[in-house]
Amino acid sequence: MKYNHNEIEAAWQQYWKENGTYKTTEDASKEKFYVLDMFPYPSGAGLHVGHPLGYIASDVYARYKRLQGFNVLHPMGYDAFGLPAEQYAIQTGQHPAITTAQNVKRYREQLDRIGFSFDWSREVQTCDPNYYKWTQWIFKQLFNAWYNNDTDKAEPIASLIKHFETNGNVGVNAASEEVESFDANAWNSYSTEEQEQLLLHYRLAYLADTWVNWCPGLGTVLANEEVKDGVSERGGFPVERKLMRQWSLRITAYAERLLQGLETIDWTDALKEQQRNWIGKSNGAAVTFQVEGYDHTIEVFTTRPDTIFGVTFMVLAPEHDLVDEITIADHREEVEKYVEVAKNRSERDRMSDVKTITGTFTGAYALHPFTGEKIPIWIGDYVLAGYGTGAVMAVPSGDQRDWGFAHHFDIPIVPLIEGQDVSEGADPSKDKVMINSDFLNGMIGSDAMIAAIEAIEAKGFGKGKVNYRLRDAIFSRQRYWGEPFPVYFNNDLPTVLSDGELPLELPEVDKYLPTEDGEPPLARATSWKTADGHTMEYSTMPGWAGSSWYFLRYMDPNNNDAFVARDKVDYWNQVDLYIGGSEHATGHLLYARFWTKFLYDLDLIPMQEPFQKLINQGMILGRSSFVYRVNGTNQFVSFGLRKEYDTTRIHVDVNIVDNDELDTDAFKAWRPEFANAEFILEDGKYLCGHEVEKMSKSKWNVQSPDELCERFGADTLRLYEMFLGPLEQYKPWDTKGITGVYGFLKKLWRLFHNDEGLQLSDEAPSKAELKALHKTIKKFREDLDRYSFNTVVSNFMICVNELTDLKCNKRAILEDLVVLVSPYAPHIAEELWKKLGHTESVSYATLPEFDPQYLVEDSFTYPVSFNGKMRFKMELSAALSKEEVEKEVLASEQTAKYLEGKSPKKVIVVPKKIVNVVV
RNA sequence: GCGGAUGUGGUGAAAUUGGUAGACACGCUAGACUUAGGAUCUAGUGCCGCGAGGCGUGGGGGUUCGAGUCCCUCCAUCCGCACCA
């Protein structure tokens with residue numbers, strides 16, 4: 001009787017569906033376990049073999065936890081808003097909802113074919129109005145909240161308004177923009193518009209003129225993490241700086257808590273470090289410099305207040321507010337020209353050209369707070385508008401960038417360290433004796449730092465300060481396919497819709513492009529207004545809005561009264577295991593943590609961190625194949641001969657290449673333009689070049705799981721993807737080894753069957769059989785507890801090999817073995833479980849316990865080494881004591897041979913049963 | 001430049017606390033069997049050597065009875081951040 005994977009898998013997938021095998025309900029009597037995958041964007045290309053890697057690992061773990069008796073939540077859904085569907089809509093006019101629904105359908109078919117134990121009754125799609133209703137609702141909560149630094153949490157905006165009414169903003173310690181102080185009388189005298197304008201400076205979701213990354217190619221603004229090397233992450237279009245009125249979320253209010261929270265979660269150091277860098281905390285001081293002859297001050301942030309006596313100039317970012325105000329007439333033309341050039345430079349140019357030092361003098365001077373000396377104020381684009389205050393106090397002897405600027409423009413450089421030579425460069429050391437620094441002279445830098453901050457604070461020039469690199473998150477996108485803001489404009493002031501008006505659904509538009517006057521696509525919906533005729537917000541939310549809280553919605557996906565019921569989130573709480581790619585390190589994972597902390601502050605959920613344990617699965621890379629076209633012809637030259645011609649390398653579909661040999665007929669049929677292709681062969685063959693790179697449709701190196709499921713079955717695919725290597729590792733896809741795991745399943749099948757059919761024995765298992773089984777139980781539990789998914793597969797193979805050698809068909813052994821195998825190969829496990837006489841799914845079985853008594857040995861082969869070098873092995877009774885082993889070893893003939901007449905210094909017998917003789 | 005990782009046979013990789021390096025699988029070699037199957041089985045397979053034996057976890061050094069594992073140092077590859085004051 002042969003192992004027919006197609007028949008078995010289809011039957012059991014049907015069974016699971018019909019019986020709701022994986023439907024999960026809250027059950028207070030059972031301990032919960034939440035296993036989550038990063039939900040996919042349903043792209044038109046369907047799943048390739050890389051996608052399921054993480055899903056298989058999480059499915060194995062979820063099934064493992066179920067066997068241990070946990071109530072496991074293991075859901076799946078779709079991150080369904082996104083650019084590709086919208087770009088497709090622009091080209092074809094087809095509504096993105098239709099494209100998305102088609103793609104979702106295909107994803108579902110492919111996922112089902114692999115046999116995942118998802119509870120599909122909890123599926124969420126971020127583009128579903130019943131879902132984004134609550135994304136909009138959470139946005140409203142952010143809009144209606146401010147961050148109180150004194151209580152260190154978000155609070156309702158109403159409490160702030162109450163404070164304003166009685167005390168003005170005196171005594172308010174909020175995460176906010178710079179706001180001039182006002183008292184209660186002033187507040188109460190303001191118009192509603194003025195009050196609202198002020199409140200925007202405090203709200204956690206706020207509308208403000210902001211320097212943004214504008215991407216003309218996509219027609220939208222982008223967040224910092226959506227820009228890589230000055231071009232958009234999606235599409236690779238150039239990005240420029242632009243001042244625009246945009247929605248932002250005040251994530252900076254949470255910077256410190258986002259940093260501290262990392263200590264409480266089980267993520268890799270690499271990932272935590274990436275988040276720490278992104279948050280970019282630095283300790284230092286804010287120092288205020290008076291501008292000579294003006295009523296202006298310049299505030300700078302410095303991490304080196306100890307070097308304040310080395311300040312010989314100041315530099316403002318070209319975008320700095322004061323540039324225009326303080327520039328004196330003689331320099332105005334020069335400065336305006338410089339600012340104009342700096343503004344028109346794309347981010348990419350600016351980044352790629354960091355070596356060229358540029359800047360210009362404003363003609364204005366600041367006064368040194370301690371010495372009163374005149375300090376020239378320059379502008380230069382090495383100072384970034386977005387970091388600190390957009391202005392620096394320049395210390396050329398202590399900072400290499402300042403040194404470069406001073407050197408280039410011939411500005412004086414004052415040495416600050418004993419014996420320092422400032423002609424070659426700056427010395428940023430903090431452990432050397434200071435000079436030229438008034439009351440700091442003779443101290444070392446790190447002590448001077450403390451003294452300097454004290455003096456600065458005492459004299460009122462500034463104070464010690466912590467600065468973060470993290471910027472507020474731009475939340476507007478000028479696109480169609482995203483969540484509409486639940487916002488309309490009343491006299492230009494943003495006003496949120498009432499809860500009853502949610503969801504605010506996307507309106508229909510005639511085209512998915514911006515309007516002629518540059519408004520976002522939603523502005524095309526001319527009838528889209530509030531009942532009393534107010535204009536709506538035309539931007540939509542970014543892709544990460546819906547993904548920042550989806551793990552909560554799975555707990556209660558159909559709730560119409562709340563984003564999640566409190567008792568459900570109390571039960572399911574944190575995600576215990578989260579698996580996904582590392583590309584979300586500074587995007588999704590940071591935003592989801594931010595929203596979680598915010599919802600915690602409002603006392604809506606019980607946890608501060610969403611994902612307790614996180615594993616980044618490594619990407620599965622594709623092996624691309626190339627043909628070489630001789631330029632200007634339709635001739636293609638084989639890989640080995642390509643150097644003799646002037647050629648262009650072209651990706652070719654890997655499905656028409658076998659072992660680097662191109663199927664030339666298939667190539668001609670592949671694309672019309674190649675129908676008349678001619679080939680220059682080597683050894684009668686056309687050989688392709690190859691390279692390992694990311695799997696993608698455009699590189700023609702995509703391997704779909706469908707064909708492998710058909711040929712070897714889903715169980716084989718699952719085992720093989722786990723067997724490939726450590727989950728976290730990047731690896732090129734390669735099916736060479738798949739026959740190995742397929743062979744394992746066939747061997748497992750044959751333990752139950754011979755040529756006649758089922759053959760099970762009720763005899764008591766032998767000692768050797770029990771040993772083989774219990775060795776595997778032990779490894780299985782140990783390996784999965786440390787998330788080592790690949791080693792488990794090898795141990796299965798060892799076990800089946802041993803049982804095959806023992807010709808074991810004992811029911812008692814096979815029962816436990818089937819349960820062990822079921823997380824990896826659920827279909828065959830169900831089939832065999834049924835053959836063992838069970839009527840319930842193997843998912844409800846109990847994981848066998850490991851019993852150490854079966855691993856106890858009568859005798860043991862002791863490896864004997866001399867000075868750590870293994871020499872021979874000795875079979876001795878396992879019951880012997882260390883001393884007895886030592887005696888036996890020393891008395892043996894082999895030992896005498898290796899001692900060569902010398903006497904041993906000592907003999908070491910270690911618990912791992914290795915004997916080392918020291919000579 | 002800063003930060004993080006990784007380096008083991010022909011290949012994917014094991015080796016959990018320092019204790020027989022290379023399990024398991026692919027590939028390869030030789031053979032068996034046959035209803036010729038993308039089948040199964042047997043033996044071999046780190047390198048050098050006919051052999052005894054020697055050498056082996058990127059290079060060099062150290063600690064230890066004993067190091068893939070710990071420490072120092074250098075090299076290579078990958079990833080992230082980057083005029084961040």
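Before reading on, note that the structure itself is shown above.
Calculation rules
- Residues numbered from 1 in each chain as written.
- Chains lettered and ligands numbered in written order.
- Predicted model: local features only at pLDDT ≥ 70, side-chain atom pairs only at ≥ 80, totals over all residues.
- Heavy atoms only, no water.
- Helix = DSSP H or I, 4+ residues; strand = E, 2+ residues; numbered from the N terminus.
- Buried < 20%, exposed > 50% of the residue type's maximum accessible area, 1.4 Å probe, protein only.
- Contact = heavy atoms within 4.5 Å.
- Lys, Arg positive; Asp, Glu negative; His and termini not counted.
- Charge placed at Lys NZ, Arg CZ, Asp CG, Glu CD.
- Near = heavy atom within 4 Å.
- Polar contact = N/O pair within 3.5 Å; in protein donor to acceptor, adjacent residues only side chain to side chain.
- Phe/Tyr/Trp six-rings, centres within 6.5 Å; stacked < 30°, edge-to-face > 60°.
- Pairing = 2+ DSSP bridges.
- Salt bridge = Lys/Arg side-chain N within 4 Å of Asp/Glu carboxyl O.
- Expected span 1.5 Å × (residues − 1).
- Arc of directions from axis to C-beta.
- Core = buried A, V, L, I, M, F, W, Y, C linked by side-chain atoms within 4.5 Å.

The helix and strand inventory of chain A stands at 29 helices and 36 strands. Here the C-alpha coordinates of chain A stretch approximately 100 × 85 × 75 Å along the principal axes. Put simply, chain A has 919 residues, and 53% of those count as buried. Residue pairs at least 24 apart in sequence account for 70% of intrachain contacts in chain A once pairs closer than 6 positions are excluded. Averaging the positions of the 97 positive and the 136 negative side-chain charges in chain A gives two centres separated by 7 Å.

This part is about the protein's contact with RNA strand B. Taken together, 51 residues surround RNA strand B, and among them T303, R401, L724, I914 and N916 come closest. Counting only atoms of RNA strand B within 4 Å of the protein, the sugar-phosphate share comes to 54%. Within the side chain of Q274, one N or O atom sits 3.4 Å away from a sugar or linking oxygen of RNA strand B. Separating a phosphate oxygen of RNA strand B from a side-chain N or O atom of R786 is a distance of 3.0 Å. For the surface near RNA strand B, the secondary structure elements donating two or more residues are α10 (269-279), β11 (297-302), α23 (738-752), α24 (767-785), α25 (789-805), β34 (869-877), β35 (906-910) and β36 (914-918).

Under the defined criterion, the tally for this structure stands at 76 aromatic pairs. Arranged with centres 5.5 Å apart and planes meeting at 25°, the rings of W137 and F563 form a pair that is stacked. With a gap of 426 residues between them, W137 in helix α5 (residues 129-143) and F563 in the loop between α17 (550-553) and α18 (566-572) connect regions that are remote in the sequence. Assessed through its relative accessible area of 3%, F563 is described here as buried. Taking 5.4 Å as the distance between ring centres and 80° as the angle between the ring planes, the aromatic pair formed by F860 and Y862 counts as edge-to-face. The class for F860 is partly exposed, based on a relative accessible area of 25%. For Y862, a relative accessible area of 4% gives the class buried.

Mapped onto the elements, E691 comes out in strand β29 (residues 689-694). By relative accessible area, E691 is classed as partly exposed at 32%. C-alpha separation for the pair E691 and P732, spaced 41 residues apart in sequence, amounts to 9.9 Å.

Moving on, we come to the sheet that holds strand β19 (residues 493-496). Strand order in the open sheet formed by 3 strands is β19-β18-β20, with antiparallel pairing between adjacent strands. Because the sheet does not close on itself, it has two edges, and the strands there are β19 and β20 (535-536). Sheet topology places strand β18 (residues 487-490) next to β19; 4 bridges connect them, and they run antiparallel. Considered in β19, the bridge of F489 is made with P494.

Mapping L890 onto the fold places it in helix α28 (residues 882-891). For L890, a relative accessible area of 35% gives the class partly exposed. Considering only alpha carbons, one finds L890 and S903, 13 residues apart in sequence, at a separation of 9.9 Å.

With that out of the way, let us pick up the pattern of salt bridges. What the rule picks out here adds up to 42 salt bridges. Taking the shortest distance from any N to any O, the salt bridge between K432 and D427 comes out at 3.0 Å. Its relative accessible area of 19% is what places D427 among the buried residues. In this structure, R811 engages D762 in a salt bridge whose closest nitrogen and oxygen atoms are separated by 2.6 Å. You can see R811 sitting in helix α26 (residues 811-821) and its partner D762 sitting in the loop between β32 (757-758) and α24, a full 49 residues away along the chain. By relative accessible area, which is 26% here, R811 ends up partly exposed. Given a relative accessible area of 62%, D762 falls into the exposed group. Overlapping salt bridges, with partners in common, bring together E26, D119 and R122 in one network.

Between its terminal C-alpha atoms helix α1 (residues 5-19) stretches 21 Å, which fits the 21 Å expected from 15 residues at 1.5 Å a residue. Turning to α1, its buried residues number three or more, namely H5, I8, E9, W12, Q13 and W16. The buried residues of α1 occupy an angular sector of 125° when projected down its axis, which confines them to one face. Projecting away from the buried face of α1 at angles above 90 degrees are the exposed residues E7, K17 and E18. Buried residues in α1 make contact with α2 (52-67), α4 (96-114), α21 (705-712), α22 (714-723), α23 and α27 (826-835). Once α1 ends, the next one or two residues include G20, with phi positive near 55°.

Once that is clear, we can look at the nonpolar core. Ranked by internal contacts, the top residues of the largest apolar core, which has 182 residues, are F475, L552, F563, W595, F789, L817 and Y824. In this structure, F563 is in contact with W134, W137, I138, W549, L552, R553, D556, L599, L604 and I605, ignoring residues within four places of it in sequence. Among the nonpolar cores identified, the runner-up in size contains 36 residues, and M314, M434, L440 and F461 belong to it.

Let us now look at the side chain of E537. Tracing the backbone shows E537 in the loop between β20 and α16 (544-547). A polar contact of 2.8 Å, which involves the side chain of E537, links it to the side chain of W247. Contacts of E537, omitting those with residues within four sequence positions, involve W247, F485, V487, Y488, F489, L522 and W528.

With antiparallel pairing, 4 strands are arranged side by side in an open sheet as β6-β5-β9-β17. At either margin of the open sheet sits one strand with a lone partner, and together these are β6 (220-222) and β17 (473-474). In the sheet, strand β5 (residues 205-215) pairs with β6 via 3 bridges, with the strands oriented antiparallel. Counterpart to C215 in the pairing with β6 is T220.

Note the cis peptide between L502 and P503, where omega equals -5°. Position of P503 relative to the elements: it lies in the loop between β19 and β20. Its identity is not glycine, yet D152 carries a phi of approximately 55°, on the positive side. Relative to the helices and strands, D152 resides in the loop between β3 (145-148) and β4 (153-156). The backbone of N573 shows a phi angle near 55°, a positive value even though the residue is not glycine. One can find N573 in the loop between α18 and β21 (577-580).

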